[in-house]
Amino acid sequence: YSSGYSIWPVLLASPVVSLLLLSLAIAGVWTGFGQFDSHRAFLFVDRYHFLVGGGTTNLDILWQLISEGNVWRLFAPAWLHWSLFHWLFNSLGLWILGRSLEKYLGSYPFLLLVLFSALVANISQFLVGGAGFGGFSGVVFALVGGQAMGLMLAPEKACWAHRGVVGISIIWMFAAMLGVTEFVGVYVANTAHFTGFICGVVWLVLLLSWQAKSARLRGAS
């Protein structure tokens, strides 16, 4: 008889988070964490095949990607990480912040939040800063935004992450936006972080508003 701890029930309780972690790990190994040539499959724009002429704007490139059916590239950069630490940091963020949100939202709505925030974060980062970016942090900050709204608007629920974790994440986001992290050689995709954060905020506000409205309608009936 063994009374040891098993990770399987925890993984099965959060199937979307578990599958996302697996997909991030596979992408990391396949691309050599951004060091192998295979990382080109995850770039928003493959710089070796997409010729940018004079006068071509990022908006033009975005439209060409969509018109040529390369829609998958709008999501792919979220699965590209430039180092083992980069991958580990985002995977821990997904694990810490994602499980409670998946439990609260449900697996399908949680997956929609992940895909929506990845799409918005990637497109906004490309339009502002170009194609040389990657990482799941836009989605992670969407989870931070969702957790923050949950703690603010429904603090009585016991499903949210620790306030300290959420608070430190928000401080880090704004510090990076102000350029503080660059003094220690850390450069981040600030546009992706902020737009991802807004996606999470809006998602949770809409959900909690809908839940409150549904409760009032049930009470009235």
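Structure's up top.
Residues numbered from 1 in each chain as written. Predicted model: local features only at pLDDT ≥ 70, side-chain atom pairs only at ≥ 80, totals over all residues. Heavy atoms only, no water.

Q: Describe the overall build of the protein chain, naming the residues involved and giving the relevant values.
A: Counting secondary structure elements, the protein chain contains eight helices and zero strands. Order of helices (α) and strands (β) in the protein chain, N terminus to C terminus: α-α-α-α-α-α-α-α. The C-alpha radius of gyration of the protein chain comes to 19 Å, within 12% of the 17 Å expected for a compact globule of 221 residues. Seen along its three principal axes, the alpha-carbon backbone of the protein chain occupies a region of about 60 × 55 × 40 Å. Taking all 221 residues of the protein chain together, the buried fraction comes to 46%. Only carbon and sulfur atoms are counted for the fraction: they give 70% of the accessible area of the protein chain, which is about 12,100 Å². Distance between charge centroids for the protein chain: 17 Å, based on 10 positive and 7 negative side chains. (Helix = DSSP H or I, 4+ residues; strand = E, 2+ residues; numbered from the N terminus. Rg over C-alpha atoms; globule rule 2.2 N^0.38 Å. Buried < 20%, exposed > 50% of the residue type's maximum accessible area, 1.4 Å probe, protein only. Areas by Shrake-Rupley, 256 points an atom, 1.4 Å probe, with all protein chains shown as cover. Lys, Arg positive; Asp, Glu negative; His and termini not counted. Charge placed at Lys NZ, Arg CZ, Asp CG, Glu CD.)

Q: I'd like a description of the pattern of salt bridges, backed by residues and values.
A: Counted under the stated rule, the structure contains two salt bridges. Residues participating in the shared-partner salt-bridge network are Asp 37, Arg 40 and Asp 46. (Salt bridge = Lys/Arg side-chain N within 4 Å of Asp/Glu carboxyl O.)

Q: Before we move on, could you go through the nonpolar core and cite the residues and values that matter?
A: Membership of the largest hydrophobic core comes to 44 residues, with the highest contact counts inside it found for Leu 20, Trp 79, Leu 94, Phe 110, Phe 136 and Leu 204. For this core, the elements supplying multiple residues, two or more each, are helix H2 (15-30), helix H4 (84-105), helix H5 (107-129), helix H6 (137-153), helix H7 (163-177) and helix H8 (190-220). Looking at this core element by element, the count peaks at eight residues for H6. When neighbours within four sequence positions are excluded, Leu 94 is seen to be in contact with Val 17, Leu 20, Leu 21, Leu 24, Arg 99, Phe 110, Phe 136, Val 140 and Leu 143. Counting eight residues, the second-largest nonpolar core is a separate cluster that includes Phe 44, Val 45, Leu 65 and Phe 133. (Core = buried A, V, L, I, M, F, W, Y, C linked by side-chain atoms within 4.5 Å. Contact = heavy atoms within 4.5 Å.)

Q: Tell me what's going on with the packing of H5 against H6, and back it up with residues and numbers.
A: The geometry of H5 relative to H6 is characterised by a closest axis approach of 8 Å and an angle of 125° between their N-to-C directions. The orientation of H5 with respect to H6, classified from their angle, is oblique. H5 and H6 meet at a crossing whose hand is right-handed. Residue-level contacts link Phe 110, Leu 113, Val 114, Ser 117, Ala 118 and Ala 121 of H5 to Gly 138, Val 139, Ala 142 and Leu 143 of H6. (Axes fitted to C-alpha atoms, helices over the stretch in contact; angles between N-to-C directions. Parallel < 35°, antiparallel > 145°, perpendicular 65-115°, else oblique. Left-handed = near helix turned anticlockwise from the far one by under 90°.)

Q: Let's hear about the layout of surface pockets: which residues, and what values?
A: Of the voids in this model, the largest pocket is the one considered here, and its volume is about 450 Å³. If you trace the largest pocket, you find 17 residues lining it, with His 86, Val 186, Tyr 187, Val 188 and His 193 closest to the centre. Ranked by residue count, the leading element in the lining of the largest pocket is H4, at four residues. Residue composition of the lining of the largest pocket, grouped by class: 10 nonpolar, seven polar and no charged. Taken as a whole, the second largest pocket encloses approximately 300 Å³ of empty space. Looking at the second largest pocket, it is lined by 14 residues, and the ones nearest its centre are Phe 89, Gly 93, Val 165, Ile 168 and Ser 169. Here the element with the most residues in the lining of the second largest pocket is H4; it accounts for six residues. (1 Å grid on protein atoms, 1.4 Å probe; cavity = no way out; pocket = protein on both sides within 12 Å on 5 of 7 lines; lining within 4 Å. Points joined across faces, edges and corners; volume = space filled by probe spheres on them. Nonpolar A, V, L, I, M, F, W, Y, C, P; charged D, E, K, R; others polar.)

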